[in-house]
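# A structural walkthrough
Listed below, chain by chain, are the residues.
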Amino acid sequence: MEQTFIMIKPDGVQRGLVGEIIGRFEKKGFYLKGLKLISVDRSFAEKHYADLSAKPFFNGLVEYIISGPVVAMIWEGKNVVTTGRKIIGATNPAESAPGTIRGDFAIDIGRNVIHGSDSVESARKEIDLWFPECPVNWHSSLHPWIYE
Ligand code: UDP
Ligand code: MG
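Predicted, not measured: the structure shown is a model, and the values here were computed from it.

Calculation notes
- Residues numbered from 1 in each chain as written.
- Chains lettered and ligands numbered in written order.
- Predicted model: local features only at pLDDT ≥ 70, side-chain atom pairs only at ≥ 80, totals over all residues.
- Heavy atoms only, no water.
- Helix = DSSP H or I, 4+ residues; strand = E, 2+ residues; numbered from the N terminus.
- Rg over C-alpha atoms; globule rule 2.2 N^0.38 Å.
- Buried < 20%, exposed > 50% of the residue type's maximum accessible area, 1.4 Å probe, protein only.
- Contact = heavy atoms within 4.5 Å.
- Areas by Shrake-Rupley, 256 points an atom, 1.4 Å probe, with all protein chains shown as cover.
- Lys, Arg positive; Asp, Glu negative; His and termini not counted.
- Charge placed at Lys NZ, Arg CZ, Asp CG, Glu CD.
- Phe/Tyr/Trp six-rings, centres within 6.5 Å; stacked < 30°, edge-to-face > 60°.
- Lys NZ or Arg CZ within 6 Å of the ring centre and 35° of its normal.
- UniProt positions renumbered as here; feature names shortened; annotations may be inferred.
- Near = heavy atom within 4 Å.
- Polar contact = N/O pair within 3.5 Å; in protein donor to acceptor, adjacent residues only side chain to side chain.
- Nonpolar A, V, L, I, M, F, W, Y, C, P; charged D, E, K, R; others polar.

### What about the overall build of the protein?
Scanning the protein for helices and strands turns up 8 helices and 4 strands. From first element to last, N terminus to C terminus, the protein shows the α and β order β-α-α-β-α-α-β-α-α-β-α-α. Against the 2.2 N^0.38 benchmark of 15 Å for 148 residues, the protein shows a C-alpha radius of gyration of 15 Å, consistent with a compact globule. On the principal axes, the C-alpha backbone points of the protein span a range of 45 × 35 × 25 Å. Here the protein, with 148 residues, has 45% of them falling under the buried criterion. Contacts in the protein between residues at least 24 apart in sequence constitute 79% of all its contacts with a sequence separation of at least 6. In the structure as shown, the protein presents an accessible area of about 8200 Å², 54% of it carried by carbon and sulfur atoms. Taken as two groups, the 17 positive and 18 negative side-chain charges of the protein have centres that lie 2 Å from each other.

Following this line, the structure appears as structure tokens:
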């Protein structure tokens, strides 16, 4: 089944939003397949955001990501990449709909609380980068109550 990489950024951790955010993905019916609290260094953050290295906000973005611990997660489920991005909301919280994570909990684009992979291909790359160890393999006994 499809997997995505979700990261609660340092502001989300500092603001005590970890439980709330995990709860939203759990209650939707997605399965948690990897989870760790981790501080990353500059070169790791630059690698994660390598595609954005030419952007004017790149240095600020890297500073933001290394400013405190983050919660790195793998979530699994049907269409979890696209649906995960909908749960997260638009990049700029000023444009994120109420009911989305950024719409409910963020104000500024450079403090938008959470990251989610933008495609199945980037999800694969990001999961490989953040979870080089083999993630735990488990199956939810609720599966037939969530999928027809
Ligand atoms: N970002 C920023 N200024 C911008 C655009 C993006 O600070 O003008 C930050 C923001 O935290 C965003 C991250 O860079 O979440 C990655 O940008 P991307 O376009 O990939 O947005 P996302 O996929 O996170 O919605
Ligand atoms: Mg992105």
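### Description of the packing of aromatic side chains
Inspection of every chain in the model, using the stated rule, returns 5 aromatic pairs. Members of the aromatic cluster, connected to one another through ring pairs, are Phe5, Phe44 and Trp130. Geometry around Trp138 places Lys33 over its ring, the cationic atom sitting 6.0 Å from the centre. Between the NZ or CZ atom of Lys36 and the centre of the ring of Phe131, over which it lies, the distance is 4.7 Å.

### Comments concerning the UniProt feature "active site" (unreviewed entry) in the protein
Annotation from UniProt places "active site" (unreviewed entry) at His115. Tracing the chain through its elements places His115 in strand S4 (residues 114–116). Setting aside chain neighbours within four positions, we find His115 in contact with Phe5, Ile6, Met7, Lys9, His48, Tyr49, Ile88, Arg102 and Glu126.

### What to know about unusual backbone geometry
Peptide bonds are trans in most cases, and residues, glycine excluded, mostly fall at negative phi. Positive phi is not limited to glycine here, since Asn79 has a value of about 55°. Mapping Asn79 onto the fold places it in the loop between strand S3 (70–76) and helix H5 (80–88). You can call Asn79 partly exposed: its relative accessible area is 45%.

### Concerning the site of ligand 1
Near ligand 1, the surroundings consist of Lys9, Tyr49, Leu52, Phe57, Leu61, Arg85, Thr91, Arg102, Ile109, Gly110 and Asn112. Here Arg85 contributes a side-chain N or O atom positioned 2.7 Å from an oxygen atom of ligand 1. Contacts to ligand 1 include Thr91, whose side-chain N or O atom sits 2.5 Å from an oxygen atom. Residues of the shell around ligand 1, tallied by class, amount to 5 nonpolar, 3 polar and 3 charged.

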